[in-house]
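Observations on the three-dimensional arrangement
What follows is the residue order along each chain.
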Amino acid sequence: MLTGRESLLRLVGKRRRSLPNRHHLLSAPIPNSLNLEVNDYGGNLISAAEDDGRFSENPTSPFDSSKISENLSISSKKKRKLTQTTLLQSNFLSGSKKSEVSETSQFSFVELSEPSDSLCCKVDDDDSCSPSSEEISKTVTLDEANGGEAIQTFIVGRKFSDVQDLEIGGKICLLRHPENIKDRNAIKVLSADSGLSEILGYLPKDVSQCLSPLIDKYDLKFEGTITSVPKNSSEAVPINVFCHKMTSDGWKECEFAGDVKPLWEKVLQVVEHQMLFPPKTTRYQLNFNVLVQEVLRSCSHLFTADEKSFLESFPSLSEDSQRLFIRLYTRKGPWFRLSNISYPEVSDSLQALKDLTVSGFMSSVKDEDELDYQKMKGIIELLNVTELREILSMNKVFSRGSRKGDLTNSLCSCYNDGTRKNLGAMILERTGLCAKISSTAESLIWRVERLFFLNGEQDLSSFVLLDLGIIKYPTYKCIDSDHIFSNRTKLLEYEEAIEVAQLMDESLDNEDSQTVLKCIMIAETRISSSSSSESPLLAAFNCFTAPWVYSKVVLLGVSFFENQKRYNQAVYLLRRFLSCFNCDGRRGYWTVRLSTDLEHMGRPNESLSVAEQGLLDPWVRAGSRIALQRRILRLAKPPRRWKTPTFSNLIENKIPEVTIQGRSLNCEIGMKNRFYGGDGEQCGVEQLALQYYNGEGGGWQGIHTESSIWLTIFGLLMWDILFSNVPGVFQTRFQTAPLDLETESFYLSRKETIESQLEKVANGMAEEILIMSYETHCGTACRGVNWERFSLEELRAAVACVGGKCVASLCRYLAQDYRSWCSGMPDLLLWRFKENGYEGEAKLVEVKSEKDRLSEQQRAWLLLLLESGFNVEICKVRPACLIKA
């Protein structure tokens with residue numbers, strides 16, 4: 001895979017069905033900064049790139065697209081496999097397990113004024129027990145003379161009822177049911193007319209959660225009346241409830257004041273939200289509406305009046321229409337056959353589709369007159385192989401292949417030539433009514449998801465994972481600060497940059513070298529100089545700017561050109577990077593690549609100068625700095641340089657080494673070496689080294705961890721600091737780390753608290769802090785923390801044996817520059833306790849096979865650890881003999 005491709009895939013996330021600006025981007029003229037030109041016929045691109053006029057070696061060389069296509073195996077052919085099944089349809093847990101999970105799967109991260117954070121994913125499990133919107137609107141209101149402050153809610157769980165036939169005006173009473181296994185806050189609804197002997201059902205779970213403390217602690221009594229009776233006895237029953245308080249004179253109307261008032265206000269807030277989304281609302285439907293409403297509330301300045309009106313109209317659609325749209329939006333598509341659409345919670349798919357079409361959320365095709373080539377091309381994909389063969393046979397069209405792709409291409413060509421007039425009718429006769437998400441709805445909902453999650457990797461399935469208890473997010477407060485997107489123009493520029501990134505990704509998959517080069521040209525002209533006087537918080541928001549996205553595309557372009565040995569174009573792009581991004585942690589990698597490519601071009605003097613200038617750059621750090629120093633030591637020999645660099649002693653610092661032997665299974669280049677372990681089983685070099693250190697190597701215990709255990713320890717020791725109240729760093733409720741973690745802002749804005757915590761760690765409190773943090777937050781998602789891989793005993797052993805000062809030193813490096821130091825740590829962590837069982841020692845070991853060598857990042861870590869007082873070692877595994885498997 002090309003360097004930078006994986007990062008681009010994460011940036012793009014789930015590919016959009018259609019790109020609104022695709023035609024404009026590919027057809028618009030591009031300034032010829034890179035000197036890559038397209039001929040008048042849109043044919044091959046040629047290169048005349050010159051590095052500031054100094055490319056005398058190859059001033060004008062043709063850029064052969066066919067040659068690139070032949071060599072484009074450098075781009076991974078790893079295709080995205082998007083299936084029709086979504087998390088909305090998944091059944092991860094059994095019924096009993098789901099009920100247990102539902103108690104813990106609550107949002108507890110941030111205070112929201114609207115909607116309440118306790119409502120974001122909470123609805124009653126019984127999705128089928130609710131009246132329609134029309135029935136709710138006919139609810140009878142409680143006369144104030146009946147006493148108390150009234151609330152409107154529902155009776156749910158009617159399957160547990162002793163009475164099926166109800167009457168409007170029937171009297172009810174609420175009774176706590178703490179013995180309920182599924183919900184300790186459960187409240188039963190009893191029939192007052194029967195002397196409280198008959199159960200009518202339960203209150204919704206979120207209402208019970210707020211009312212139960214009032215009943216338990218303040219001796220409150222709740223009574224009410226049935227205000228409407230649904231047609232289906234299993235549906236939720238609307239009720240009005242009012243409150244009384246027990247006094248010496250008996251039950252009196254309750255006036256809420258003092259400590260009770262905030263709790264009652266919470267009840268009113270929950271009830272108000274429930275009337276907007278009654279119990280019949282499915283969980284995913286509720287989540288979708290919360291997502292849209294929250295974005296409209298916090299980012300209204302990024303939408304036009306028409307866009308806001310369009311999105312605000314969604315909750316007014318029928319229940320079936322809302323559910324059908326959400327279901328189809330989460331599927332691959334883009335086209336769907338109505339005959340294949342069937343969901344148990346959607347009672348009338350045809351009517352729902354008609355309503356969605358009228359409201360502009362979907363578009364449909366039923367008649368041949370509505371077809372054009374692009375629509376037909378998508379609809380043909382819905383036909384199965386049998387239907388394709390049947391249509392081709394009827395039209396006497398011969399296909400060169402028997403696979404579906406070959407048959408589809410033949411049918412598309414047949415339709416496009418226009419010689420068979422009834423072909424469209426024949427296709428629609430088999431597919432029936434077809435529909436797709438409208439381009440307006442797709443574009444706006446994609447924007448809403450981006451603004452809500454702030455990345456391309458999360459979507460509506462994140463709500464599902466939270467609901468099922470599969471993932472739990474940490475508790476933190478979202479403190480308002482500057483908007484990430486201050487105006488609509490910046491958002492649209494960012495969206496267009498994401499489109500270019502997706503085009504680049506698709507073109508590499510399709511081995512379309514011409515579009516790849518077009519994307520590189522577009523991105524190169526749109527990266528702009530970044531200001532060095534940015535505030536630390538704004539620096540954390542850089543990844544949400546168009547130039548930052550384009551830099552990802554250009555970096556992939558650098559790797560593309562390097563693989564094609566077109567070093568002149570790569571050098572030009574790298575120089576553009578270094579001139580545009582003055583304060584960027586990626587400058588080290590760019591400088592190393594620039595120096596390397598110049599050497600490939602036979603220009604060692606320039607390569608040396610670039611490396612020397614790079615060492616003066618404060619943004620060149622960690623492995624990149626070591627790489628440049630080693631390049632200088634190799635290139636700076638007489639007559640180029642006569643003086644030995646001052647850092648030569650540091651670089652040549654001898655790291656302790658030990659060599660062991662193992663029976664090798666294979667020694668083939670490019671394949672991971674396998675060995676026979678001491679127990680005769682096959683293993684890798686790391687497992688073989690662990691066996692050596694556990695035996696003749698000194699009785700060490702250990703695990704193969706690389707960076708994982710240290711990032712876990714850092715996350716646990718610094719948990720309260722990671723999720724402290726810092727303005728602007730928490731923008732959504734689905735974050736596992738602050739936005740500024742990988743920037744200098746993280747350390748600078750929390751320096752005092754970080755140093756105070758590290759002082760405690762250095763003074764011997766690391767193990768105590770670790771235990772408390774582990775037990776308090778176990779299972780909660782946090783960047784770098786791996787709950788499943790490491791036990792508390794292993795983490796305690798690591799901290800105890802390494803020592804507080806060393807752990808504090810390592811955590812300080814991560815806090816100051818997490819991006820540079822979060823990878824490349826030694827493979828093995830070894831420890832052993834002394835006879836007293838309390839004191840111990842630790843060793844960090846990098847394991848290498850005979851033909852393997854240290855990366856610059858690994859070398860940087862080993863030197864840093866040595867300097868910080870760690871016991872480090874390199875273990876080289878040499879095959880004793882080659883045994884053919």
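Parameters and conventions
- Residues numbered from 1 in each chain as written.
- Predicted model: local features only at pLDDT ≥ 70, side-chain atom pairs only at ≥ 80, totals over all residues.
- Heavy atoms only, no water.
- Helix = DSSP H or I, 4+ residues; strand = E, 2+ residues; numbered from the N terminus.
- Buried < 20%, exposed > 50% of the residue type's maximum accessible area, 1.4 Å probe, protein only.
- Contact = heavy atoms within 4.5 Å.
- Areas by Shrake-Rupley, 256 points an atom, 1.4 Å probe, with all protein chains shown as cover.
- Salt bridge = Lys/Arg side-chain N within 4 Å of Asp/Glu carboxyl O.
- Axes fitted to C-alpha atoms, helices over the stretch in contact; angles between N-to-C directions.
- Parallel < 35°, antiparallel > 145°, perpendicular 65-115°, else oblique.
- Left-handed = near helix turned anticlockwise from the far one by under 90°.
- Nonpolar A, V, L, I, M, F, W, Y, C, P; charged D, E, K, R; others polar.
- Pairing = 2+ DSSP bridges.
- Polar contact = N/O pair within 3.5 Å; in protein donor to acceptor, adjacent residues only side chain to side chain.
- Core = buried A, V, L, I, M, F, W, Y, C linked by side-chain atoms within 4.5 Å.
- Phe/Tyr/Trp six-rings, centres within 6.5 Å; stacked < 30°, edge-to-face > 60°.
- Arc of directions from axis to C-beta.
- pLDDT = per-residue confidence, 0-100.

Points about the overall build of the chain
Broken down by element type, the chain carries 35 helices and 19 strands. Out of the 885 residues in the chain, the part that is buried amounts to 53%. Residue pairs at least 24 apart in sequence account for 72% of intrachain contacts in the chain once pairs closer than 6 positions are excluded. Total accessible area on the chain stands at roughly 41,300 Å², and carbon and sulfur atoms take up 48% of it.

Here's the deal with the pattern of salt bridges
Tallied over the full model, the rule gives 41 salt bridges. Among the ionic pairs, Glu387 bridges to Arg337, the shortest N-O distance being 3.2 Å. Here Glu387 is found in helix 13 (residues 385-394), whereas its partner Arg337 is found in strand 10 (residues 335-337), with 50 residues between them in sequence. An identical accessibility class is assigned to Glu387 and Arg337; each is buried. Each of the salt bridges in this network shares a partner with another, and the network as a whole consists of Arg5, Arg15, Asp505 and Asp509.

Remarks on the packing of helix 23 (residues 587-600) against helix 25 (residues 622-635)
Angle between the axes and distance between the axes: these two values describe a pair of packed helices. Contact pair helix 23 / helix 25: the axes reach a minimum separation of 8 Å and the direction vectors enclose 25°. By the angle between their directions, the pair helix 23 and helix 25 is classed as roughly parallel. Helix-helix and strand crossings are classified by hand; for helix 23 and helix 25 the assignment is left-handed. Residues Gly588, Tyr589, Thr591, Val592, Ser595, Thr596 and Glu599 of helix 23 form the contact with helix 25, whose participating residues are Ser624, Ala627, Leu628, Arg631, Arg634 and Leu635. Its residues placed into classes, the contact of helix 23 with helix 25 shows five nonpolar, five polar and three charged.

Thoughts on the sheet that holds strand 11 (residues 362-365)
Spatially, the three strands line up as an open sheet ordered 10-12-11, and their pairing is antiparallel. Two strands lie at the open edges of the sheet, namely strand 10 and strand 11, each paired on one side alone. For this sheet, the mean inter-axis angle between neighbouring strands, taken without regard to orientation, is 30°. The pairing of strand 10 with strand 12 (residues 434-437) spans three bridges and is antiparallel. Opposite Trp335, over in strand 12, you have Lys436 as the bridge partner.

Some points on helix 12 (residues 373-380)
Within helix 12 the residues assigned to the buried category are Met376, Gly378, Ile379 and Ile380. Summarising the contacts, the buried residues of helix 12 are in contact with strand 10, strand 11, helix 13, helix 14 (404-416), helix 15 (423-431) and strand 12. Among the residues of helix 12, the N-terminal cap falls to Asp372, whose side-chain oxygen and the backbone nitrogen of Gln374 are separated by 3.2 Å.

A short note on the nonpolar core
By size, the foremost hydrophobic cluster in this structure holds 100 residues, and its most contacted members are Phe303, Leu311, Phe325, Met504 and Phe577. Looking at which element gives the most residues to this core, the answer is helix 21 (residues 546-563), with 11 residues. With sequence-adjacent residues up to four places away left out, Phe325 is seen in contact with Phe288, Phe314, Leu356, Phe361, Met362, Ile437, Ala441 and Ile445. Counting 66 residues, the second largest nonpolar core, distinct from the first, contains Ile721, Ile754, Ala798 and Ala808.

Quick word on the side chain of Ser559
When you line up the elements, Ser559 lands in helix 21. Those residues in contact with Ser559 that sit more than four places away from it in its chain are Leu2 and Thr3.

What about the environment of Leu460?
Structurally, the position occupied by Leu460 is in the loop between helix 16 (439-453) and helix 17 (461-467). Residue classification places Leu460 among the buried positions, given a relative accessible area of 6%. Taking C-alpha positions, Leu460 is 8.7 Å from Leu291, a pair spaced 169 residues apart along the chain. Setting aside its immediate chain neighbours within four residues, Leu460 contacts Phe288, Leu291, Ile326, Thr330, Glu449 and Phe453.

As for the pairing of strand 17 (residues 828-833)
Judged from the four bridges that link them, strand 16 (residues 701-704) and strand 17 form a sheet pairing that is antiparallel. From the neighbouring strand, Gly702 faces strand 17, where its bridge partner is Leu830. The sheet contact formed by strand 17 and strand 18 (residues 840-849) spans six bridges and is antiparallel. The residue of strand 18 that forms the bridge with Arg832 is Glu841.

Here's the deal with the packing of helix 1 (residues 5-12) against helix 21
The N-to-C vectors of helix 1 and helix 21 enclose an angle of 145°; their axes lie 9 Å apart at closest approach. The two elements helix 1 and helix 21 cross, and the hand of that crossing is left-handed. Contact with helix 1, carried on its side by Arg5, Ser7, Leu8 and Leu11, involves Trp548, Val549, Lys552, Val553 and Leu556 of helix 21 and no other residues of that element. Of the residues contributing to the contact of helix 1 with helix 21, the split by class is six nonpolar, one polar and two charged.

A few points about the packing of aromatic side chains
In total, this model carries 32 aromatic pairs according to the counting rule given. With centroids separated by 6.1 Å and ring planes inclined at 20°, the aromatic side chains of Phe325 and Tyr329 adopt a geometry described as stacked. With Phe325 and Tyr329 both in helix 10 (residues 319-329) and four residues apart, this pair spans about one turn of that helix. The two residues Phe325 and Tyr329 agree in class, both being buried.

Focus: unusual backbone geometry
Following Gly333, the chain continues into Pro334 via a peptide bond in cis, with omega recorded as 5°. With respect to the element layout, Pro334 can be found in the loop between helix 10 and strand 10. Of note, the phi angle at Leu454 is positive, near 65°, even though the residue is not glycine. Following the sequence through the fold, Leu454 ends up in the loop between helix 16 and helix 17. In this model, Glu706 sits at a positive phi of 55°, which is unusual for a non-glycine residue. By secondary structure assignment, the location of Glu706 is in the loop between strand 16 and helix 28 (708-717).

As for the side chain of Ser462
Within the secondary structure, Ser462 is located in helix 17. Once residues lying within four places of it in the same chain are set aside, the contact partners of Ser462 are Phe453, Tyr473 and Phe734.

Describing the environment of Phe544
Its location among the elements puts Phe544 in the loop between helix 20 (536-540) and helix 21. Phe544 sits 60 residues away from Ile484 along the chain, and the two C-alpha atoms are 7.2 Å apart. Beyond its immediate sequence surroundings of up to four residues, Phe544 is in contact with Leu454, Ile484, Phe485, Tyr494 and Leu739.

Overview of the environment of Asn568
Position of Asn568 among the secondary structure elements: in helix 22 (residues 567-580). Asn568 sits 33 residues away from Met601 along the chain, and the two C-alpha atoms are 7.8 Å apart.

Quick look at helix 1
When helix 1 is considered as a whole, its buried residues turn out to be Arg5, Ser7, Leu8, Leu11 and Val12. Angularly, the buried residues of helix 1 cover 160° about the axis, an arc narrow enough to put them on a single face. Of the surrounding secondary structure, the elements contacted by the buried residues of helix 1 are helix 16, helix 18 (488-509) and helix 21. Of the residues flanking the end of helix 1, it is Gly13, one or two places downstream, whose phi is positive at about 70°.

Looking at the confidence of the model for the chain
Per-residue pLDDT for the chain has a mean of 80; in total, 80% of the residues score no lower than 70. Every residue in residues 37-85 scores below 50 in pLDDT, and together they form 111 contacts with partners more than four places removed in sequence or on other chains. Predicted confidence is poor over residues 91-148, with pLDDT under 50, and the contacts of this stretch with residues over four places away or in other chains come to 140 contacts.

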